[in-house]
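# Working through the structure, step by step
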Number of protein chains: 2
Amino acid sequence: MAAPRTVVPEATLRALVSNIFTAAGTSTEHAETIADVLVWANLRGVDSHGVSRIPRYLELFAKGEANPKPDITVEQPRAAIAVLDADGAPGPVALSHAVDQAVSMARSAGVAWVGVRGTVHTGAIGYYTSRAAEYGMAGLGIVAGVPNMAYPGASTAAVATSPLSVAVPAGKYPTVLLDMATAVIALGRIAQHKNAGTPLPEGAAVAADGTPTTDPAAAKYPLPVGGAKGAGMSLVFELLASGLVGNPIMSRFHAGGPEGRKHRQNAVLMAVDISAFGSVADFRSTVDATLDAVKSLPRDSPDRELLFPGERGAATLAQRRADGIPVPAKLLGNLRADAERIGAIVPDGL
Amino acid sequence: MAAPRTVVPEATLRALVSNIFTAAGTSTEHAETIADVLVWANLRGVDSHGVSRIPRYLELFAKGEANPKPDITVEQPRAAIAVLDADGAPGPVALSHAVDQAVSMARSAGVAWVGVRGTVHTGAIGYYTSRAAEYGMAGLGIVAGVPNMAYPGASTAAVATSPLSVAVPAGKYPTVLLDMATAVIALGRIAQHKNAGTPLPEGAAVAADGTPTTDPAAAKYPLPVGGAKGAGMSLVFELLASGLVGNPIMSRFHAGGPEGRKHRQNAVLMAVDISAFGSVADFRSTVDATLDAVKSLPRDSPDRELLFPGERGAATLAQRRADGIPVPAKLLGNLRADAERIGAIVPDGL
């Protein structure tokens, strides 16, 4: 039996998020940015990266590991690269700023690479790359985080489930939006299997001692997608996202000690200005023609749809924008309780 | 029983390659570049991308699909982007030029993105990204090619096994070199199973009609790594590598007709100037510390080594540089025959 859900209009959910973060000490502007990013994930059906993350942000604020009033600085040592020091800002604040910086720099340089140093919980990284796509650019993003994924040959968490996202604007189709973890299965999905009492697929996760398991209660670390491939992607993302901004996560984590185990993330966001290569309209037509080709491939089953990355999320967004966002009653209760505890106004209807 | 192999010194194999390409009509400079790239793959143990590809290049020259005397042009519309028109040049020629262009531009802009339009057979893309690493930069590369890989829900080849490569220079360790196809299994590996009469792993390939198979004789298309993840990566690589340079491969392929089925590839090579972010020595130390962390993880089996991407290839290179490159006798015979047919000198000892 599915958990009871309440359907909440987008604007109401956004107001709740914004009120909670303002009460937690962020500026109104930052609170609205966070609301944008988290509610966007819920609108697209990525509920694991939406408002369900709010309690964790509040916990990080309380512990002093996230900073509600960050002093964000941007250094731009060359025309096409910048480093944004997030000063512990929540990911939505730091990465929204970073992608806007990348888009602005790509307008003149053609491409831009913005490293983000020292943020927490980026949320759904597809938000930022698709924001670049809304400016008519291609967006690319990677994140590095604290190790929580298996590695070929190791018996413990070695690397992180660090995601890769690429967004490419289309014409008649929604933005092509790849947003994938380097793990076979998301940690949130393991928790869902645990709650539902259903076994995990084979080859998706290992127990705390590194042995493969399909028991969601025993599963501790997801396996990297494609074994050495996913593990290798995660490792190079750490070197690019954390190494270049001088804020290594993996080496400090494995050195032991409480400092290295603290939650923190680094990221890279890139924008590529399509107009620098030629006509954006022509590019969009090429994307459409490529997606037309995908959609008209012969299918292995008549009832199986041929989807491109981001297509399902765009459909869910349209539907949830119209009909509201289903939120589990228990989560909504927790958010209301959090709001009341920190003195945030709970919008009417919740 | 393994096929009989002849061990060939690096310099001899390089001379053979160079002689063959010069006889096939390329300039001496281009022939030496091609020899560098192909023999590098053999040195690192990536024999599927080494001299075994020579007959295919010769075939493409003969058919007029590859150009031994290309008029390569580079346009640089902005500080950090360029488009190299390969004019049908073999991949090693076009992509070596492109990575040098990217490195040179990244010196001033911090990062550079070079699109390569209309090349054939790039060879091992790790060669180009590790060349950027030799200049103390990070190198990133993707390739787009003619569809030869399955797609979730489709019953035919939809996308290509397009690779991603990332190279990051280390200090005491060899360069971290990720070079992965987006497929579960390489086409060359399927052929090896067929020759050896051994079944494929489950979930690696499908037959021509899209049904899963472990029979290497029936296997036609490899499956994408991680299903929608590998397929999605391949699709966005096509949009970035082919779309931005206005030379779409997928849409023309699926439109049918002989023109769309011709072999051709596009690519993107990027260089990121580490020195623009800070001390390169500090960066190399961070990479070393991260690799130290990987190497000292607890292992799931005492005889299992913990490797980082590119480590095995670097060890093989050191060994083969010293001891020579094992080449199957049959392949060597074919190459000798090709050389004699086109009037290329076969070096002494072959």
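Up top is the structure these notes are about.
Here is a short report on the structure shown in this document. (Residues numbered from 1 in each chain as written. Chains lettered and ligands numbered in written order. Predicted model: local features only at pLDDT ≥ 70, side-chain atom pairs only at ≥ 80, totals over all residues. Heavy atoms only, no water.)

### Observations regarding the overall build of chain A
On a plain count of helices and strands, chain A comes out with 12 helices and 12 strands. Against the compact-globule benchmark of 20 Å for 350 residues, chain A has a radius of gyration of 20 Å, which places it among compact chains. Judged by the C-alpha coordinates and their principal axes, chain A covers about 50 × 50 × 50 Å. Burial analysis of chain A (350 residues in total) assigns 59% to the buried set. The contacts of chain A with a sequence gap of at least 6 include a subset with a gap of at least 24, amounting to 65%. Only carbon and sulfur atoms are counted for the fraction: they give 51% of the accessible area of chain A, which is about 13,100 Å². (Helix = DSSP H or I, 4+ residues; strand = E, 2+ residues; numbered from the N terminus. Rg over C-alpha atoms; globule rule 2.2 N^0.38 Å. Buried < 20%, exposed > 50% of the residue type's maximum accessible area, 1.4 Å probe, protein only. Contact = heavy atoms within 4.5 Å. Areas by Shrake-Rupley, 256 points an atom, 1.4 Å probe, with all protein chains shown as cover.)

### Some details on the sheet that holds strand E4 (residues 111-119) of chain A
Judged by pairing direction, the sheet is mixed, and its 7 strands sit side by side in the order E2-E3-E4-E11-E5-E6-E7 (chain A) without closing on themselves. The two strands at the open ends of the sheet, each matched to only one other strand, are strand E2 (73-78) and strand E7 (176-180) of chain A. With direction set aside, neighbouring strand axes in the sheet form an average angle of 15°. Contacts from helix H4 (residues 91-109) of chain A reach E2, strand E3 (81-85), E4, strand E5 (137-144) and strand E11 (265-273) of chain A within the one sheet, and its direction differs from that of E4 of chain A by about 160°. On the sheet, helix H7 (residues 228-243) of chain B packs against E5, strand E6 (164-168) and E7 of chain A and is oriented at approximately 135° with respect to E7 of chain A. (Pairing = 2+ DSSP bridges. Axes fitted to C-alpha atoms, helices over the stretch in contact; angles between N-to-C directions.)

### Brief notes about the interface of chain A and chain B
Interface size, as often reported, equals the accessible area lost upon joining of the parts. In this complex, chain A contributes 72 residues to the contact, which on the side of chain B involves 72 residues. Here chain A packs against chain B, burying approximately 5,900 Å² in sum over the two surfaces, 77% of which is carbon and sulfur. Where chain A meets chain B, there are 2 salt bridges. Remark: the boundary between chain A and chain B carries 16 residue pairs in polar contact (both at pLDDT 80 or more). With 9 residues, helix H7 (residues 228-243) of chain A is the largest single contributor of residues to the side of chain A that touches chain B. Across the side of chain A that touches chain B, the residue classes break down as 51 nonpolar, 13 polar and 8 charged. (Buried area = accessible area lost by both parts, 1.4 Å probe. Salt bridge = Lys/Arg side-chain N within 4 Å of Asp/Glu carboxyl O. Polar contact = N/O pair within 3.5 Å; in protein donor to acceptor, adjacent residues only side chain to side chain. Nonpolar A, V, L, I, M, F, W, Y, C, P; charged D, E, K, R; others polar.)

### Remarks on the sheet that holds strand E5 (residues 137-144) of chain B
All names here are of chain B. Reading across the sheet, the 7 strands line up as E2-E3-E4-E11-E5-E6-E7 and stay open at both edges, with mixed pairing between neighbours. In the strand order of this sheet, the two ends are held by strand E2 (73-78) and strand E7 (176-180), each with one partner. Averaged over all adjacent pairs, the angle separating strand axes in this sheet is 15°, with direction ignored. Bridge analysis of strand E4 (residues 111-119) against strand E11 (residues 265-273) gives 7 bridges, and the strand direction is antiparallel. When the sheet's bridge partners are listed, Val111 is paired in E11 with Val272.

### Thoughts on helix H11 (residues 311-323) of chain A
In an α-helix, one full turn covers 3.6 residues, which means residues spaced three or four apart are oriented alike. All names here are of chain A. Taking 1.5 Å of rise per residue, 13 residues should cover 18 Å, and H11 covers 18 Å from first to last C-alpha, within 8% of that figure. Those residues of H11 hidden inside the fold are in contact with helix H2 (28-43), helix H10 (280-295) and strand E12 (325-328). Gly324 sits one or two residues past H11 and shows a positive phi near 100°. (Expected span 1.5 Å × (residues − 1).)

### Focus: the pattern of salt bridges
Residues and elements named next belong to chain A. As enumerated under the stated definition, the model contains 31 salt bridges over all chains in all. For Lys262, the salt bridge goes to Glu259, with nearest N and O atoms at 3.3 Å. In this structure Lys262 comes out as partly exposed when scored by relative accessible area, which is 34%. Because the salt bridges share partners, they merge into one network encompassing Glu10, Arg14, Asp36 and Arg321.

### Description of the nonpolar core
In terms of nonpolar packing, the biggest core is built from 98 residues, with Trp113 and Tyr151 of chain A together with Trp113 and Tyr151 of chain B touching the most fellow members. Discounting chain neighbours no more than four positions away, the residues touching Tyr151 of chain A are Ala158, Val159, Ala231 and Leu235 of chain A together with Val294, Leu306, Leu307, Phe308 and Pro309 of chain B. Listed in part, the 62 residues of the second largest apolar core include Ala66, Met105, Tyr127 and Ala167 of chain A. (Core = buried A, V, L, I, M, F, W, Y, C linked by side-chain atoms within 4.5 Å.)

### Description of the environment of Arg44 of chain B
Residues and elements named next belong to chain B. Residue placement: Arg44 occurs in the loop between helix H2 (28-43) and helix H3 (54-63). C-alpha separation for the pair Arg44 and Asp87, spaced 43 residues apart in sequence, amounts to 29 Å. In this structure Arg44 touches Leu177, Gly310, Gly313, Ala314, Thr316 and Leu317, once residues within four positions along its chain are discounted.

### A few points about the side chain of Arg44 of chain A
Here Arg44 of chain A sits buried without a salt bridge, and the closest side chain of opposite charge, Asp179 of chain A, lies 7.3 Å off (N-O distance). A polar contact is formed between the side chain of Arg44 of chain A and the backbone oxygen of Gly310 of chain A, at a distance of 3.1 Å. (Lys, Arg positive; Asp, Glu negative; His and termini not counted.)

### Looking at the packing of aromatic side chains
One pass over the full model with this rule turns up 10 aromatic pairs over all chains. Where Tyr173 of chain A meets Phe308 of chain A, the ring centres are 5.6 Å apart and the plane angle is 80°; that geometry is what we call edge-to-face. Note that Tyr173 of chain A is positioned in the loop between E6 and E7 and Phe308 of chain A in the loop between H10 and H11, a separation of 135 residues in sequence. Side by side, Tyr173 of chain A and Phe308 of chain A carry an identical accessibility label, which is buried. With a centroid separation of 5.7 Å and 75° between ring planes, the pair formed by Phe21 of chain B and Tyr57 of chain B is classed as edge-to-face. In this pair, Phe21 of chain B is assigned in helix H1 (residues 10-23) and Tyr57 of chain B in helix H3, connecting sequence segments 36 residues apart. Pair check on accessibility: Phe21 of chain B and Tyr57 of chain B agree, each one buried. (Phe/Tyr/Trp six-rings, centres within 6.5 Å; stacked < 30°, edge-to-face > 60°.)

### Quick look at the relation of the copies chain A and chain B
When chain A is fitted onto chain B, the two copies agree to an RMSD of 0.0 Å after a turn of 180° and an axial shift of 0.0 Å. Put plainly, the chains are arranged around a two-fold axis. A share of 100% of interface residues in chain A that are also interface residues in chain B marks the association as one of identical surfaces. (Least-squares fit on C-alpha atoms with pLDDT ≥ 70 in both.)

### A closer look at unusual backbone geometry
All names here are of chain A. Here Asp87, not a glycine, exhibits a phi torsion of approximately 50°, which is positive. You can see Asp87 is positioned in the loop between E3 and H4. The exposure class of Asp87 is partly exposed, given its relative accessible area of 32%.

### Concerning the environment of Arg312 of chain A
Residue and element names in this part refer to chain A. Tracing the backbone shows Arg312 in helix H11. Exposure remark for Arg312: the relative accessible area of 59% places this residue in the exposed category. C-alpha of Arg312 to C-alpha of Pro174: the two residues are 138 residues apart in sequence and 9.8 Å apart in space.

### Looking at the side chain of Thr119 of chain B
When you line up the elements, Thr119 of chain B lands in strand E4. A distance of 3.1 Å separates the side chain of Thr119 of chain B from the backbone nitrogen of Gly91 of chain B, its partner in a polar contact.

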